[in-house]
Amino acid sequence: MKQQLDQVVRWPYSPMDYTRRIAWGIFKYTLWKFLWHRFYSLRMLSLQLFGADVSLKSMAHGSTDILRPWDVHLGEYVALGPRVRLYNLNKISIGDHTVISQDAYLCGGTHDYTDATMPLLRRDIVIGKNVWICAGAFIGPGITIGDGAVIGARAVVMKDVKAWTVVSGNPAQFIKNREIKK
C-alpha cells in the first residue's frame, strides 16, 4: 500500500470559511500589526468583529498569529505574547488569567497517516484558567491543559496535562505539582 495524495480533499472547509480567512488575512497583515499596543483592547475588539469570543480585558501582541479568529475563545486577562501562533483548524479555548509566552505554537490539526489519502484531522485545544505556557512550547491537536498547569519552555505536549502540574521536555513529562505561595 502506498500514499494516494492525488485523492486528497483539496478544499476541506466551506467557501464562506475561505472568504472569511481572506478578509481576516488582509486585516491581520495590515491594521492588526499596527494597532498601538497600549490600547490592547483594540486588538480584542477587532477579533470580536471577526467572530471571536474574547474579553476586551485580554491582550495579544501585534505579531501574534491567529488563523481563524471565529473559532477562538479567550477568557479575561489572557496574554498572548510575541510570535504566538494559534493554528486553530478547529476551536481553541483559553481560560482566564492565562499567559501564552513568546513563540508558543498551538497546533489544532494533523493528518491521519493510517489512511492512504492522509485526510486532515481538526482537533479542539482547551487551555484552562491560570495556565502558563512558556516560551517556544508546542501544544498538539486535541490537547486539554488543566487549570493552573505550567508548560515548560520548548516542551512538546502531545498528551493531556493535569491541573496544577508542571510539565516539561520532549515529550512533555510530569516534573512536579504546582503550588502558589500565599
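See the structure shown above.
First, a word on what this report is: a plain description of the structure on this page. All residue numbers refer to position in the chain's written sequence, counted from 1. Under the rules for a predicted model, residues below a pLDDT of 70 receive no local features and side-chain atom pairs below 80 are neither given nor counted, while totals for whole chains, interfaces and linings still include all residues. Excluded from the side-chain calculation are hydrogens and water; included are all heavy atoms of the structure.

Here the focus is the overall build of the chain. When helices and strands are tallied, the chain shows 2 helices and 19 strands. Between the two quantities, the radius of gyration covers C-alpha atoms and the globule rule is 2.2 Å times the number of residues to the power 0.38. Whereas a compact globule of 182 residues would reach a radius of gyration of roughly 16 Å, the chain reaches 17 Å, a difference of no more than 12%. Taken over the C-alpha atoms alone, the chain extends approximately 60 × 40 × 20 Å along its principal axes. Note on contacts: a residue pair is in contact if any heavy atoms of the two residues lie within 4.5 Å. For the chain, long-range pairs separated by at least 24 residues make up 26% of all intrachain contacts whose partners lie at least 6 apart in sequence. Here, Shrake-Rupley sampling with a 1.4 Å probe gives the accessible areas, and only protein chains in the shown set may cover a residue. For the chain, the accessible area works out to roughly 10400 Å², and carbon and sulfur atoms hold 58% of it. The charge count treats Lys and Arg as positive and Asp and Glu as negative. His and the chain ends do not count. Charged groups are reduced to one reference atom each: NZ for lysine, CZ for arginine, CG for aspartic acid, CD for glutamic acid. Here the chain contributes 23 positive and 14 negative side-chain charges, whose respective centroids are spaced 6 Å apart. Labels follow the DSSP assignment, with helices taken as runs of H or I lasting at least four residues and strands as runs of E lasting at least two, numbered in each case from the N terminus.

Turning our attention to the side chain of D17. Structurally, the position occupied by D17 is in helix α1 (residues 15-34). The contact partners of D17, leaving out residues within four places of it in the chain, are R68 and W70.

It is worth spelling out the packing of aromatic side chains at this point. What counts as a ring pair is set by centres within 6.5 Å for rings of Phe, Tyr and Trp (its six-membered ring), and what kind of pair is set by the plane angle: stacked under 30 degrees, edge-to-face over 60, tilted for all other angles. Per the stated rule, a full pass over the model turns up 8 aromatic pairs. Relative to F50, the ring of F27 has its centre 5.5 Å away and its plane inclined at 45 degrees; by these criteria the two rings are tilted. Residue F27 is located in helix α1, and its partner F50 is located in the loop between α2 (41-49) and β1 (53-54); the two are separated by 23 residues in the primary sequence. Residue classification places F50 among the partly exposed positions, given a relative accessible area of 22%. Each ring, one from Y105 and one from F138, has its centre 5.8 Å from the other, and the planes form 20 degrees; the classification is stacked. Taken together, the residues Y105 in strand β9 (residues 105-107) and F138 in strand β14 (residues 138-139) connect sequence positions 33 residues apart. A simple rule labels every residue: compare its accessible area, found with a 1.4 Å probe on the protein chains alone, to the largest value its type can have, and call it buried under 20%, exposed over 50%, or partly exposed in between.

Any two strands with at least two DSSP-identified bridges between them are counted as paired. Within the open sheet, the 5 strands sit side by side as β1-β4-β7-β12-β15. Their pairing is parallel. Only two strands of the sheet have a single partner each, and these edge strands are β1 and β15 (144-145).

Another point: the pairing of strand β19 (residues 173-177). Both strand β18 (residues 165-168) and β19 contribute to a ladder of 4 bridges, which runs antiparallel. Along β19, the bridge assignment pairs T165 with N177.

This part is about the pairing of β18. As paired elements, strand β16 (residues 150-151) and β18 share 2 bridges and run parallel to each other. Its bridge partner being in β18, I151 is matched across the sheet by V167. If you look at the hairpin formed by β18 and β19, you'll find 4 residues sitting between the two strands, and G169 has a positive phi there, around 105 degrees.

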